Protein chains: 2
Amino acid sequence: MDRIDRKYRILQAIIDDYILTALPVGSRTISRKYEQKLSSATIRNEMSDLEELGYLDSPHTSAGRVPSYKAYRLYVDQMLTPAPLSVEETAFINRCFERRIHQVEDLSTRIARSLSSLTHYTTAVMTRAPRSEQILSHLQMVPVSDRRVLLIVVTQGGSVRQTILELDAPIAPDELYTVSRFLSNQLEGCTLSELPAMLARLGGTQAQVDAVIRAMESKPEEEHSDVAALVVGGRSNLLSFPEYSDVDKAKALLSVLETKEKMVSLLSHDGEMEFSVRIGPETGMEETRGCSVVTASYRLSDGRVNTIGLIGPTRMQYGKVLLVLGQVGRSLTRLLDEQNGQR
Amino acid sequence: MDRIDRKYRILQAIIDDYILTALPVGSRTISRKYEQKLSSATIRNEMSDLEELGYLDSPHTSAGRVPSYKAYRLYVDQMLTPAPLSVEETAFINRCFERRIHQVEDLSTRIARSLSSLTHYTTAVMTRAPRSEQILSHLQMVPVSDRRVLLIVVTQGGSVRQTILELDAPIAPDELYTVSRFLSNQLEGCTLSELPAMLARLGGTQAQVDAVIRAMESKPEEEHSDVAALVVGGRSNLLSFPEYSDVDKAKALLSVLETKEKMVSLLSHDGEMEFSVRIGPETGMEETRGCSVVTASYRLSDGRVNTIGLIGPTRMQYGKVLLVLGQVGRSLTRLLDEQNGQR
DNA sequence: GATTAGCACTCAACCTTGACGAGTGCTAAC
DNA sequence: GTTAGCACTCGTCAAGGTTGAGTGCTAATC
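Because the structure is a prediction, the values reported are computed rather than measured. (Residues numbered from 1 in each chain as written. Chains lettered and ligands numbered in written order. Predicted model: local features only at pLDDT ≥ 70, side-chain atom pairs only at ≥ 80, totals over all residues. Heavy atoms only, no water.)

## What about the overall build of chain A?
Here is step 1 of the chain: When you go through chain A residue by residue, the secondary structure sums to 12 helices and 10 strands.
Here is step 2 of the chain: Looking at the 343 residues of chain A, the share that counts as buried comes to 55%.
Here is step 3 of the chain: Contacts spanning at least 24 positions in sequence make up 60% of the contacts within chain A whose residues lie at least 6 apart.
Here is step 4 of the chain: With the model as given, the accessible surface of chain A reaches about 15,600 Å², and the carbon-plus-sulfur share is 51%. (Helix = DSSP H or I, 4+ residues; strand = E, 2+ residues; numbered from the N terminus. Buried < 20%, exposed > 50% of the residue type's maximum accessible area, 1.4 Å probe, protein only. Contact = heavy atoms within 4.5 Å. Areas by Shrake-Rupley, 256 points an atom, 1.4 Å probe, with all protein chains shown as cover.)

Here it is in structure tokens:
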């Protein structure tokens, strides 16, 4: 099986080189840089086979070959060379998690920023809070005007959501305080999806409580209730890649980055996988043909799911990207668990 | 003064045309499209004068002329033709403010989005909350772990900030509840900048209160405490302009949009002006040479300052942009005042 | 005196052409 | 099975020519 082995070694060399240069790679390049024992003619024969097998495309006669999606798939699944991160890179990542996190939303921003400056790709950090699993830890109402109330819902893990409620009748600040303490005690520990049922059971106890409950029930489900936060960083990195020197392509991609729905669908994994690599057409979106999306997801102890994703051209440095994502993911879960853990 | 009048009419025509086409405009174009009474030769003479006066630049011989920054300045200050917004546009703007605002931060996002789809420029919405003027309306602490507490500060107007405090000693949830009610009552109505002084005066009343106060004092000032939120929309619009078909320029500009500090300095007015138009070098930033920034600022009743800004090439549709900004600004202040007003 | 027509001149944009080089496929020799 | 050699393809680049839009100047006209 030395035969087959060599074929794939050559394919790997081609992919490696193309990832580095973004230029179609020719037989001579491989012969000189990667397989010095073999002449370019031999490589040529092998490349011809590889093209037949569907791993290589030729943009036209005499322009070298370019890896196909199938090749990248194989590369990611079986050929990744796990060259470890440099000391500087590891240090850089650790430094991001050193400082204390005071503002909750700052963390995502900081991760997005450092990931994109580390990898030179575009980064998205999404925190998804499935309604059904979020456990209410505290609830508080604050008067804004005489019929308007700011409802603050804190879930286990310390994430905060706020909504404005409209009451039928005015309510005095002090009463509101009592009501909100009552409700908070009653509802603590139930999941957000149980809320409507719980509220219904509480009904009829007290006029003020009733009023608040009515307001909470009338509150329309927010469309994006599922997605707590989406932060995108390193957009300008996109324009460094020669594949986006075509302004129209770049524009289409930028526009995807601006559409929350599209980003959510790009970043969402199926199943429980930690990592997901989607290559070119596997992203399932016309605008991202030619892109790859690598994501890592972590389930936090409060039920929220954190997804970190990188978007770049298909000739992505998959090895490095996966290592970096793994490292960041580990640090992140450690940090968050440490923060919630000793509860 | 018919002489001078005609000169400026021609200048205006040149600017109008250049804003529309982004192409250097020649004497013939003006003669045909704008001043049919005059021959191209006459226009040529006038244009030669205008160049001498510093209002026009010629990229090279025989390429038509391009307005200088000085010309845009004059144009904005004195030549704006206030063609009113179309019915569709007004309706579009109004529609953005129709729906109820439940999520507070959604409003900025929605404004940014609609402004950029209306004008095709890039939009930034910044809410600046000067510490000194924000009045505390409510304070609430929620246990996260046994020594960690989520401090929620609500200011008048309904904006919410949260910070995690680290306590020296554990505190029971019920005690925390009492302490936070006590503090909330004590501190209500004072401005955020008065907080340290107020806290100092309260010291020594009670062991638990003391502990909380110590934690609040140790909380480092967040660097961006001044800027509550910055939302940018319509980035992809940038790439539609021929001036950014040069990828490097586009990249530099995108990168400015990603740097919070730079955006804050771009969006900050001096003084109390409602509108500000900064043209090319007036933006005071190397990367935005060739751009104009138009901003509108509104002081909200709770002391926060809301700034809406548009960024685009210097040949911006100033007239339209100012009208749109005005309209949006008016709707926005009305909405916000309505929301806080009847307190 | 202001306006216009005419003309020479300039210069970017565009197209064509030809040389160059990188790459392939095939064949024959090792 | 591997390699050397050769003919062929095709994109890239630079050089040269053409075109067209635009200017400045001058002389004629209103």
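## Some details on the domain arrangement of chain A
By a widely used convention, the size of an interface equals the accessible area lost when the partners come together.
Residue and element names in this part refer to chain A.
Here is step 1 of the chain: Segmentation of chain A into domains returns domain 1 (3–74), domain 2 (87–130 + 226–341) and domain 3 (134–218).
Here is step 2 of the chain: A separation of 30 Å is found between the C-alpha centroids of domain 1 and domain 2.
Here is step 3 of the chain: On the side of domain 2, 13 residues touch domain 1, which itself brings seven residues to the contact.
Here is step 4 of the chain: Both faces combined, the contact of domain 1 with domain 2 buries some 850 Å², and carbon together with sulfur accounts for 65% of it.
Here is step 5 of the chain: For the pair domain 1 and domain 2, the interface holds one salt bridge.
Here is step 6 of the chain: Put simply, Glu 282 and Arg 73 hold a salt bridge, and the shortest N to O gap is 2.5 Å.
Here is step 7 of the chain: If you look at where domain 1 meets domain 2, you find three residue pairs in polar contact (both at pLDDT 80 or more).
Here is step 8 of the chain: The set of elements that each furnish at least two residues to the side of domain 1 that touches domain 2 consists of α1 (2–21) and α4 (69–79). (Domains from an automatic or database assignment. Buried area = accessible area lost by both parts, 1.4 Å probe. Salt bridge = Lys/Arg side-chain N within 4 Å of Asp/Glu carboxyl O. Polar contact = N/O pair within 3.5 Å; in protein donor to acceptor, adjacent residues only side chain to side chain.)

## Details of the pattern of salt bridges
Here is step 1 of the chain: What the rule picks out here adds up to 27 salt bridges over all chains.
Here is step 2 of the chain: Glu35(A) is the partner of Arg9(A) in a salt bridge, and the nearest nitrogen-oxygen pair spans 2.9 Å. Placement of Arg9(A) in helix α1 and of Glu35(A) in the loop between α2 (27–33) and α3 (40–52) is noted, with a sequence separation of 26 residues between them.
Here is step 3 of the chain: Between Glu286(B) and Arg289(B) there is a salt bridge, with its nearest N and O atoms 3.1 Å apart. Here Glu286(B) matches Arg289(B) in class, with each residue exposed.
Here is step 4 of the chain: Here the salt bridges share partners, and the residues they tie into one network are Arg6(A), Lys7(A), Glu46(A) and Asp49(A).

## Remarks on the protein's contact with DNA strand D
Here is step 1 of the chain: In the vicinity of DNA strand D there are 20 residues, among which Thr42(A), Thr61(A), Ser62(A), Ser27(B) and Arg65(B) approach most closely.
Here is step 2 of the chain: A breakdown of the atoms of DNA strand D within 4 Å of the protein gives sugar and phosphate a share of 78%.
Here is step 3 of the chain: Contacts to DNA strand D include Ser39(A), whose backbone N or O atom sits 3.2 Å from a phosphate oxygen.
Here is step 4 of the chain: Contacts to DNA strand D include Thr42(A), whose side-chain N or O atom sits 2.5 Å from a phosphate oxygen.
Here is step 5 of the chain: For the surface near DNA strand D, the secondary structure elements donating two or more residues are α1 and α3 of chain A together with α2 (27–33) and α3 (40–52) of chain B.
Here is step 6 of the chain: The element best represented in the surface near DNA strand D is α3(A), accounting for four residues. (Near = heavy atom within 4 Å.)

## Some thoughts on the sheet that holds strand β4 (residues 136–143) of chain B
In any sheet, the strands associate via hydrogen bonds between backbone groups, in a parallel or an antiparallel arrangement.
Residue and element names in this part refer to chain B.
Here is step 1 of the chain: Read from one edge to the other, the open sheet built from three strands follows the order β4-β5-β6, with strand pairing classed as antiparallel. Edge positions in the sheet fall to β4 and β6 (160–166), since each of these pairs with one other strand and no more. Each neighbouring strand pair of the sheet contributes to a mean axis angle of 20 degrees, computed without reference to strand direction.
Here is step 2 of the chain: One ladder, built from seven bridges, connects strand β5 (residues 148–155) with β6; its direction is antiparallel. Along β6, the bridge assignment pairs Val 154 with Val 160.
Here is step 3 of the chain: Sheet contacts for helix α7 (residues 173–187): β4 and β5; angle to β4, the most-contacted strand, approximately 170 degrees. (Pairing = 2+ DSSP bridges. Axes fitted to C-alpha atoms, helices over the stretch in contact; angles between N-to-C directions.)

## Some remarks on the packing of aromatic side chains
Here is step 1 of the chain: Counting across every chain of the model gives eight aromatic pairs over all chains.
Here is step 2 of the chain: Summarising the aromatic geometry, the rings of Tyr72(A) and Tyr318(A) are spaced 6.2 Å apart at their centres and angled 55 degrees between planes, so their arrangement reads as tilted. You can see Tyr72(A) sitting in helix α4 and its partner Tyr318(A) sitting in helix α12 (residues 318–341), a full 246 residues away along the chain.
Here is step 3 of the chain: Ring plane angle 65 degrees and centroid distance 6.5 Å describe the contact between Tyr75(B) and Tyr318(B), whose orientation is recorded as edge-to-face. Of the two residues, Tyr75(B) is situated in helix α4 (residues 69–79) and Tyr318(B) in helix α12 (residues 318–341); the sequence distance between them amounts to 243 residues.
Here is step 4 of the chain: Since its relative accessible area comes to 6%, Tyr75(B) is described here as buried.
Here is step 5 of the chain: Among the residues examined, Tyr318(B) registers a relative accessible area of 0% and is labelled buried.
Here is step 6 of the chain: Every member of this aromatic cluster is reached through a ring pair, and the members are Tyr72(A), Tyr75(A) and Tyr318(A). (Phe/Tyr/Trp six-rings, centres within 6.5 Å; stacked < 30°, edge-to-face > 60°.)

## Things to note about the environment of Glu194(B)
Residue and element names in this part refer to chain B.
Here is step 1 of the chain: Secondary-structure assignment places Glu 194 in the loop between α7 and α8 (195–202).
Here is step 2 of the chain: The class for Glu 194 is partly exposed, based on a relative accessible area of 38%.
Here is step 3 of the chain: On a C-alpha basis, the gap between Glu 194 and Glu 88 in space is 47 Å, while along the polypeptide they are 106 residues apart.

## Quick notes on the protein's contact with DNA strand C
Here is step 1 of the chain: Surveying the vicinity of DNA strand C reveals 21 residues, the closest of which are Ser27(A), Arg6(B), Thr42(B), Thr61(B) and Ser62(B).
Here is step 2 of the chain: Considering DNA strand C, the proportion of its atoms within 4 Å of the protein that are sugar or phosphate atoms stands at 81%.
Here is step 3 of the chain: Contact distances for DNA strand C include 3.3 Å between a base oxygen and a side-chain N or O atom of Arg44(A).
Here is step 4 of the chain: Arg65(A) places a side-chain nitrogen or oxygen 3.1 Å from a phosphate oxygen of DNA strand C.
Here is step 5 of the chain: Its residues assigned to classes, the surface near DNA strand C shows four nonpolar, 11 polar and six charged. (Nonpolar A, V, L, I, M, F, W, Y, C, P; charged D, E, K, R; others polar.)

## Section: the side chain of Ser276(B)
Residue and element names in this part refer to chain B.
Here is step 1 of the chain: Inspection of the secondary structure assignment puts Ser 276 in strand β8 (residues 275–279).
Here is step 2 of the chain: A relative accessible area of 8% means that Ser 276 is categorised as buried.
Here is step 3 of the chain: Once residues lying within four places of it in the same chain are set aside, the contact partners of Ser 276 are His 269, Val 293, Val 294 and Thr 295.

## Focus: unusual backbone geometry
Here is step 1 of the chain: Here the phi dihedral of Ser62(A) falls at roughly 60 degrees; this positive angle occurs in a residue that is not glycine.
Here is step 2 of the chain: The topology assignment puts Ser62(A) in the loop between β1 (56–57) and β2 (66–67).
Here is step 3 of the chain: The exposure class of Ser62(A) is exposed, given its relative accessible area of 73%.
Here is step 4 of the chain: Of note in this structure, Ala22(B) is not a glycine but carries a positive phi near 65 degrees.
Here is step 5 of the chain: The topology assignment puts Ala22(B) in the loop between α1 (2–21) and α2.

## Remarks on the sheet that holds strand β4 (residues 136–143) of chain A
Residues and elements named next belong to chain A.
Here is step 1 of the chain: Spatial strand order, β4-β5-β6: three strands in an open sheet with antiparallel pairing. The open sheet has two edge strands, β4 and β6 (160–166), and neither has a second partner. The average angle at which neighbouring strand axes cross in this sheet is 20 degrees, direction not considered.

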